[in-house]
Amino acid sequence: MSSEPSRRKRKKNKTGSTVSTSCWEISPCVRSIKPLQYIPIALRAAQIREELKQGVKKPFREVIDVAWGDPQRAGLKPLTFVRQVLAACLYPQLLDSTGLPTDVKQRAGGLLSECQGGSMGSYTDLPGIPQVAQQISEYIARRDGGVPPKAENIFISSGSQWALQNILSLLVHGHGEVRSGVLTPIPCHVTSIASLLSLGGVSVPYYLSEEHGWELRMEELNRALENAKQVCTPVALYVINPGNPPGHVQRKKSIQDVIRFASEKRLFLLADEVYQDCVYTDDVEFVSYKKVLAEMGPPFSDTVELASFHSASKGFLGECGLRGGYVELVNMDPAVLKHACTVFSKDNAPTAGQVALSVLANPPRLGDPSYPLFETETRQMHAVIKATVRRVHEVLNSLPGVSCQPVEGGAFAFPRVELPPKALQKAKELGMEPDTFYCVRLLEESGAFITPGCEYGQKEGTYHIRFCIRAPGDVIEDFLGRLVTFHTQFMTEFS
Ligand SMILES: Cc1ncc(COP(=O)(O)O)c(C=O)c1O
């Protein structure tokens, strides 16, 4: 009997070799997603690590991975308080030990008392562990001033990306010109665009202005919207603040302009605010869309529909692997809210991610036994990143052909690299995007793994690279050293 699944068919192509086809077709929406550029680079990085283990000689001893916005992957240590609470939740016998501070035991005991069966191994109810939803609600009220949001407007999920996907699934539908469009920044966090496309939505690009420090410009939003009307029905506007990949932090005035625009054009606002705790410039502060919307008063404050996303993956926690995120919905029609409940109830958020969210929303306070250590760890981490940002800016802007706008927040530097015509030609011969070619060569020659700007979208004829700045100081120094040496050789070779 054949081991092939019965619905698979085999046929010969023109050259006579056998190719496999199926009686079902891959969704055209999924097919429209551009393959990620970083995947072959990541595979090569893994191979190089293996070669180094086997003793293959290279001009470097290890691979530096600063490709992801994942601080712990880049070498930063997790916060002790998070890990202690998690440990006690997962292994409640620790609650009887003398080795853990009393506030850790209280936190873990409280969370466990609200887990079904008193165990982290059980599914939690929607919208998650009640205490965590309550802590998030109080956190939002402290951040923005004003009354805590109702718990029914907060949905905890397995990471904020999943929450975005769920909200998009409510907004996006249709075919042809009536297909729903979402205005998306370029450059953009690539998975957000993939989520949109996989649902059949249209990504309507609006370009952030690199010359203006990657600001969002209203004339560009207007242009994008007018162009989009010929191909789709724009229903929403997606913003990332602070940005990814460029680390611009949106000012209050700009947020007001965007809210007015959304109100006038009847667009649902999707505010991706996962980097809200990552601001490194002294005279710049993060202000939430929710806060600005409330301050603007009626008619905006009670009509503009907003979804604001946050995550335990980013900020001072950096717990990407635990998968904890949430969305707060503002001004959503109760009839639509019911459907939001349905889509979120498909999947319970992991309990470990919810524990991380509990710490994000309600960290140790002055007077708590864990506060001194927590304060020291977070202060030191912030100081390291602030110093890193200054250093990265100085080094990048000293390199010939490289310019980097200020990194005010977020997790990445996104410098522009002017590649010489001979390098462009070589990339073309190899069938690669020019900045992918640059990143591949950087990896091969220096062992540094970063990602190319083409992954995130960029103006035609411009090239960028992206790397994570939320990493230990020595890792960044090592990386910058390798980048400088490589860049100098690369420019000489292709000039
Ligand atoms: C802008 C932005 N939004 C969302 C996410 C995803 O976060 P999560 O891990 O909570 O799904 C990321 C991750 O890098 C991001 O950069």
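Computed from a prediction, not measured in an experiment: that's the story for all the values here. (Residues numbered from 1 in each chain as written. Predicted model: local features only at pLDDT ≥ 70, side-chain atom pairs only at ≥ 80, totals over all residues.)

## A short note on the overall build of the protein chain
Here's step 1: Of regular secondary structure, the protein chain possesses 16 helices and 16 strands.
Here's step 2: The C-alpha atoms of the protein chain give a radius of gyration of 24 Å, which matches the 23 Å a tight globule of 495 residues would have.
Here's step 3: Each principal axis of the C-alpha atoms in the protein chain carries an extent, and together these give about 65 × 60 × 55 Å.
Here's step 4: Burial analysis of the protein chain (495 residues in total) assigns 43% to the buried set.
Here's step 5: For the protein chain, the share of sequence-separated contacts (at least 6 apart) that also reach a separation of at least 24 residues comes to 68%. (Helix = DSSP H or I, 4+ residues; strand = E, 2+ residues; numbered from the N terminus. Rg over C-alpha atoms; globule rule 2.2 N^0.38 Å. Buried ≥ 20, exposed ≤ 12 C-beta atoms within 10 Å, placed from the backbone. Contact = placed C-beta atoms within 7 Å.)

## Considering unusual backbone geometry
Here's step 1: A cis geometry characterises the amide bond from I186 onward to P187, with omega recorded as 0 degrees.
Here's step 2: On the secondary structure map, P187 appears in the loop between β5 (180-186) and α7 (190-198).
Here's step 3: Between P298 and P299 the backbone carries a cis peptide bond, its omega angle lying at 0 degrees.
Here's step 4: Looking at where P299 falls in the secondary structure, it is placed in the loop between α10 (289-296) and β9 (306-311).

## Side note on the site of the ligand
Here's step 1: Neighbouring residues of the ligand: 13 residues in total, closest G159, S160, Q161, S311 and S313.
Here's step 2: Broken down by class, the residue content of the shell around the ligand amounts to three nonpolar, nine polar and one charged. (Near = placed C-beta within 6 Å. Nonpolar A, V, L, I, M, F, W, Y, C, P; charged D, E, K, R; others polar.)

## Points about the confidence of the model for the protein chain
Here's step 1: Across the protein chain, the average pLDDT comes to 93, with 96% of residues at 70 or higher.
Here's step 2: Low pLDDT (under 50) marks residues 1-8, which in the prediction has five contacts with non-local residues, meaning those over four places away or in another chain. (pLDDT = per-residue confidence, 0-100.)

## Focus on the domain arrangement of the protein chain
Here's step 1: What the domain assignment reports for the protein chain is domain 1 (38-65 + 374-494) and domain 2 (109-361).
Here's step 2: For domain 1 and domain 2, the distance between their C-alpha centroids amounts to 29 Å.
Here's step 3: Facing 23 residues of domain 1, the contacting portion of domain 2 comprises 27 residues.
Here's step 4: For the side of domain 1 that touches domain 2, the element with the most residues is helix α13 (residues 371-398), which contributes five residues.
Here's step 5: When its residues are assigned to classes, the side of domain 1 that touches domain 2 shows nine nonpolar, seven polar and seven charged. (Domains from an automatic or database assignment.)

## Examining the pairing of strand β16 (residues 465-468)
Here's step 1: Side chains of β16 alternate between two faces, with I465 and F467 and R466 and C468 buried alike.
Here's step 2: Examined bridge by bridge, strand β12 (residues 412-413) and β16 share two bridges and lie antiparallel to one another. In the sheet register, F412 faces β16, and the bridge partner there is C468.
Here's step 3: With two bridges joining them, strand β15 (residues 451-452) and β16 adopt antiparallel strand pairing. Note that in β16 the partner of T451 across the bridge is R466. (Pairing = 2+ DSSP bridges.)

## Examining the packing of helix α3 (residues 80-90) against helix α4 (residues 102-113)
Working note: a packed helix pair is described by the angle between its axes plus the distance between those axes.
Here's step 1: Closest axis-to-axis distance for the α3/α4 pair is 9 Å, and the angle between their directions is 50 degrees. Between α3 and α4, the interaxial angle falls into the category oblique. Seen along the crossing, α3 lies across α4 with a hand that is right-handed. In contact with F81, Q84, V85, A88 and C89 of α3, α4 contributes V104, K105, R107, A108, L111 and L112.
Here's step 2: Within the contact of α3 with α4, the residues separate by chemical class into eight nonpolar, one polar and two charged. (Axes fitted to C-alpha atoms, helices over the stretch in contact; angles between N-to-C directions. Parallel < 35°, antiparallel > 145°, perpendicular 65-115°, else oblique. Left-handed = near helix turned anticlockwise from the far one by under 90°.)

## Structural notes on the sheet that holds β12
Here's step 1: If you trace the three strands from one edge of the open sheet to the other, you get β12-β16-β15, paired in antiparallel fashion. Each having just a single partner strand, β12 and β15 make up the two edges of the open sheet.

## A closer look at the nonpolar core
Here's step 1: V66, V85, L269, L270 and I469 are the most contacted members of the largest nonpolar core, which has 128 residues in total.
Here's step 2: Structurally, this core is a two-domain feature, drawing no fewer than three residues from each of domain 1 (38-65 + 374-494) and domain 2 (109-361). (Core = buried A, V, L, I, M, F, W, Y, C linked by C-beta atoms within 7 Å.)

## Topic: the pairing of strand β6 (residues 202-207)
Here's step 1: Summarising the sheet, β5 and β6 pair through six bridges and their orientation is parallel. When the bridges of β6 are listed, G181 appears paired with V202.
Here's step 2: The handedness of the β5 to β6 crossover, carried by α7, is right-handed. (Right-handed = clockwise from strand over helix to strand, strands pointing away.)

## Regarding the sheet that holds strand β8 (residues 268-272)
Here's step 1: Strand order in this open sheet of seven strands is β4-β10-β9-β8-β7-β5-β6, and the pairing throughout is mixed. Here the strands that pair on one side only, and so sit at the sheet edges, are β4 (154-157) and β6. The mean angle between the axes of side-by-side strands here comes to 25 degrees, regardless of whether they run parallel or antiparallel.
Here's step 2: The pairing of β8 with β9 spans four bridges and is classified as parallel. Counterpart to L270 in the pairing with β9 is A307.

## Side note on the environment of H310
Here's step 1: Along the chain, H310 falls in strand β9.
Here's step 2: Between the C-alpha atoms of H310 and N166, which are 144 residues apart in sequence, the distance is 14 Å.
Here's step 3: When sequence neighbours within four positions are dropped, the list of residues in contact with H310 reads S160, E273, V274, Q276, G325 and Y326.

## Here we look at the environment of E445
Here's step 1: Structurally, the position occupied by E445 is in helix α15 (residues 434-446).
Here's step 2: Taking the C-alpha atoms as reference points, E445 and W214, separated by 231 residues in sequence, lie 31 Å from one another.
Here's step 3: Setting aside residues up to four positions removed in sequence, E445 forms contacts with P59 and F486.

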